[in-house]
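Structural features, examined
Read off the chains here:
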Amino acid sequence: MIKASDGKKAAWITFFVLPGAAVVFVFILLPLFMSLFNSLFDWNQLIRGEFVGLENFHKLFNGYPYRQRFINALGNNLKWFVVSMLVQNTLGLLFGYALSRRIAGRGAYIRILFIPVLFSLIAVGSLWGLYLKPKGMVNNLLILLGRPDLRRAWLGDGAIATYALIAVNIWRWVGFPTLVFMSAVDNVPEGCVEAAYLDGAGEWRIFLKIVLPLIVPAIAIVSVLTVVGSLNVFEQVYTMAGLDGPPNYATDTIGTLFYRTAFGSVDSGAPEIGVGSAIAVVIYLMTFVISLISIRLAKSKEVEL
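One structure accompanies this document, and this report is about it. (Residues numbered from 1 in each chain as written. Predicted model: local features only at pLDDT ≥ 70, side-chain atom pairs only at ≥ 80, totals over all residues. Heavy atoms only, no water.)

**Digging into the pattern of salt bridges**
- If you walk through the whole model with that rule in mind, you get four salt bridges.
- Measuring nitrogen to oxygen at the nearest pair gives 2.9 Å for the salt bridge that ties D149 to R147.
- Residue classification places D149 among the partly exposed positions, given a relative accessible area of 47%.
- Its salt-bridge partner being D244, residue R260 comes within 3.8 Å of it at the nearest N-O pair. Here R260, found in helix 13 (residues 254-263), pairs with D244, found in the loop between helix 12 (235-240) and helix 13; they are 16 residues apart in sequence, far enough to count as distant.
- By relative accessible area, D244 is classed as partly exposed at 45%.
- Residues participating in the shared-partner salt-bridge network are D244, D252 and R260. (Salt bridge = Lys/Arg side-chain N within 4 Å of Asp/Glu carboxyl O. Buried < 20%, exposed > 50% of the residue type's maximum accessible area, 1.4 Å probe, protein only. Helix = DSSP H or I, 4+ residues; strand = E, 2+ residues; numbered from the N terminus.)

**Section: the environment of I254**
- You can see I254 is positioned in helix 13.
- Residue I254 is classed as buried on the basis of its relative accessible area of 0%.
- For the pair I254 and I221, spaced 33 residues apart in sequence, the C-alpha to C-alpha distance is 23 Å.
- Among all residues touching I254, those that are not within four sequence positions of it are F70, A73, L74, N77, L231, I279, I283 and M286. (Contact = heavy atoms within 4.5 Å.)

Structure, rendered in structure tokens:
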């Protein structure tokens with residue numbers, strides 16, 4: 001027999017969980033299943049045609065120009081991931097560790113690093129797009145510093161355009177991993193650190209042997225968020241470079257490729273909803289698989305006291 005108190009408790013749990021579950025279903029699960037459903041049909045612009053199975057996936061991976069565009073875009077997303085992991089998260093870890101040591105001016109440094117995270121991505125992209133123009137602030141600053149030889153067409157040179165976008169993204173987001181790592185380091189038991197100091201361990205050895213193993217959960221969280229962010233790059237490329245990923249698709253990502261394909265085909269100008277839905281499914285699957293691998297690797301390295 002179910003007690004009245006148990007039923008009341010279940011009702012309260014449902015009351016608090018249901019809104020969040022509804023948001024997840026409407027904005028995550030439903031679009032995913034709709035994308036998978038739409039990818040299995042032929043489309044005449046906005047009109048769904050006959051069932052074609054995996055033909056849209058075959059067209060994406062083997063058809064022209066989808067295969068070339070997809071491989072190029074995926075390569076750029078890989079650049080975003082690698083550089084963000086190596087530069088952004090490494091800087092966040094170093095800044096977080098330094099700030100956890102209660103250095104002078106700690107509060108000011110935290111604000112300076114985190115304020116850009118609060119800025120609108122569209123506003124950041126628009127402003128930095130102006131700063132990086134041939135006659136923009138960055139090149140003018142290089143002239144003032146006496147290094148005009150370093151001036152570049154930052155967004156017009158295919159060899160460096162993607163890295164310029166990534167640099168702006170790092171400037172905006174580095175404060176987030178900094179705060180995550182700082183909080184993780186602050187939660188490391190002081191007794192472990194003090195015992196290491198008494199044993200004569202230096203700062204670097206303490207960081208590698210004690211602090212780093214104990215903040216693996218935070219590293220896992222930041223890594224997964226980096227994976228998700230790197231595979232869903234869109235707004236910054238759109239505002240700073242353009243929907244076609246100029247110059248000559250050098251800044252194209254699978255996010256911009258999806259948008260162009262679903263709402264205006266890469267070659268005919270007509271929507272290709274079937275292929276676009278296939279790209280959306282591939283983005284989700286890659287995000288899920290890589291995130292799962294990152295979590296498993298992190299758990300295997302996790303240390304418990």
